[in-house]
Amino acid sequence: MQFTKQAILDADIDILSPREKTYLLNKYFPGTLPEWKATLRSSWKEVQEDRLWRAYQGDYTYGDFGGEYRYAIKHLKFLAERIGKTEPPSRSKGVRVTDFTKWVMSLYLGQPKPSSLVRGKHIERSVARLAKPSEHSEWELIYRDSLECVPTPVKISSLTLNGESLWGAPDLVYRNRDTGELLIVERKASDKSIPVDGWPNLRSQLWAYSHIDDFIDAPAITLIGEIWDLVDGQLTRRAVLRWSQADKEFDAENMELFSLYGGVRHTTIE
């Protein structure tokens, strides 16, 4: 292969990243980069969009993962039962999905550092503001929480706490234009190693969202966790995690946690 401007530009994205192409063009062909910037940016976006939707549909592994999370459902149940014996009966628990998932996280992390919470919220709001929802010809975006203002919560009548229905606000929900299948996407910020099975609170959050009233008639629901962080000062999608609402083990584990929270699931809703 000849070492030319066009050869650099045409190199497969898996061989030369946009950053590497920019470096080579700047170094060996100074003054010629501006005309190629739009092309480099466009080609990289197309590759990323393709990988993302393949990951959504289970055809691509997006990200680097560690082993399974260090706390299994058995240990979480033990912690929840122990806490339940010591916490005062008057302690109130909220009916937002995030109230439930914060409780799940508290079982194994206790109270997170305020600085970590602030950093995580900053990144998640930045993602919501700057990372526009991906587009695909076969899917339409039907719900979005911008995180910039109070969202419009949606009702979850089949999951109740003390007789009250849960309410939630997913980050993104897509519907397949032909089949009606849904994709529920929750975006999280983390600079930690990513477990191959995700974190318990993320799984519980997506599980609860899959029960939203408006989604009852969906023929299938896929649950997506996107993990983001600041890498070299840039917002970066680090990984995509995927579950199916129809997974019986996934459902049973999260239902056990919800029961320990004090919740009840109803087979029919009014």
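Our structure's up above, just so we're on the same page.
Residues numbered from 1 in each chain as written. Predicted model: local features only at pLDDT ≥ 70, side-chain atom pairs only at ≥ 80, totals over all residues. Heavy atoms only, no water.

A. Examining the overall build of the protein more closely. The secondary structure content of the protein amounts to eight helices and eight strands. A burial count over the protein gives 43% of its 270 residues as buried. Long-range contacts, defined here as pairs at least 24 residues apart, represent 68% of the contacts in the protein between residues at least 6 apart. Of the accessible surface of the protein, which amounts to about 15600 Å², a share of 50% is contributed by carbon and sulfur atoms. (Helix = DSSP H or I, 4+ residues; strand = E, 2+ residues; numbered from the N terminus. Buried < 20%, exposed > 50% of the residue type's maximum accessible area, 1.4 Å probe, protein only. Contact = heavy atoms within 4.5 Å. Areas by Shrake-Rupley, 256 points an atom, 1.4 Å probe, with all protein chains shown as cover.)

B. Representation of the side chain of N254. Inspection of the secondary structure puts N254 in helix 8 (residues 248-261). Look at N254 and you get buried, because its relative accessible area is 3%. Here S204 takes part through its side chain, which lies 2.9 Å from a polar atom of the side chain of N254. Apart from residues lying up to four places away in sequence, N254 is in contact with F100, R203, S204 and W207. (Polar contact = N/O pair within 3.5 Å; in protein donor to acceptor, adjacent residues only side chain to side chain.)

C. Representation of the pattern of salt bridges within the structure. Under the counting rule described, the total for this entry stands at nine salt bridges. Put simply, E226 and R187 hold a salt bridge, and the shortest N to O gap is 3.5 Å. Within this pair, whereas E226 is found in strand 6 (residues 221-231), its partner R187 is found in strand 5 (residues 182-189), the two being separated by 39 residues in sequence. For the pair formed by E226 and R187, the shared burial category is buried. (Salt bridge = Lys/Arg side-chain N within 4 Å of Asp/Glu carboxyl O.)

D. Seen up close, the packing of aromatic side chains. Scanning the entire structure with this criterion turns up 16 aromatic pairs. Between Y60 and Y62, the ring centres sit 6.2 Å apart and the planes meet at 85°, which makes this aromatic pair edge-to-face. On the accessibility criterion, Y60 (28% relative accessible area) is partly exposed. Plain terms: the ring middles of W207 and F258 are 5.9 Å apart, the flat faces sit at 55° to each other, and that makes the pair tilted. Of this pair, W207 sits in helix 7 (residues 200-209) while F258 is found in helix 8, placing the two residues 51 residues apart along the sequence. Every member of this aromatic cluster is reached through a ring pair, and the members are F100, W103, W207, F258 and Y261. (Phe/Tyr/Trp six-rings, centres within 6.5 Å; stacked < 30°, edge-to-face > 60°.)

E. Representation of the pairing of strand 5 in the model. Extensive coverage of strand 5 is indicated by the burial of seven of its eight residues. Following strand 4 (residues 172-176), the chain reverses through five residues before pairing antiparallel with strand 5; G180 in that reversal takes a positive phi of roughly 85°. As defined by bridge partners, strand 5 adjoins strand 6 across eight bridges and the pair is classed as parallel. Bridging from a neighbouring strand, I184 pairs with L223 of strand 6. The β-α-β motif built from strand 5, the intervening helix 7 and the parallel element strand 6 has right-handed crossover chirality. (Pairing = 2+ DSSP bridges. Right-handed = clockwise from strand over helix to strand, strands pointing away.)

F. Geometry of unusual backbone geometry. Of note in this structure, N162 is not a glycine but carries a positive phi near 55°. Tracing the backbone shows N162 in the loop between strand 2 (154-161) and strand 3 (164-168). Residue classification places N162 among the exposed residues on the basis of a relative accessible area of 71%.

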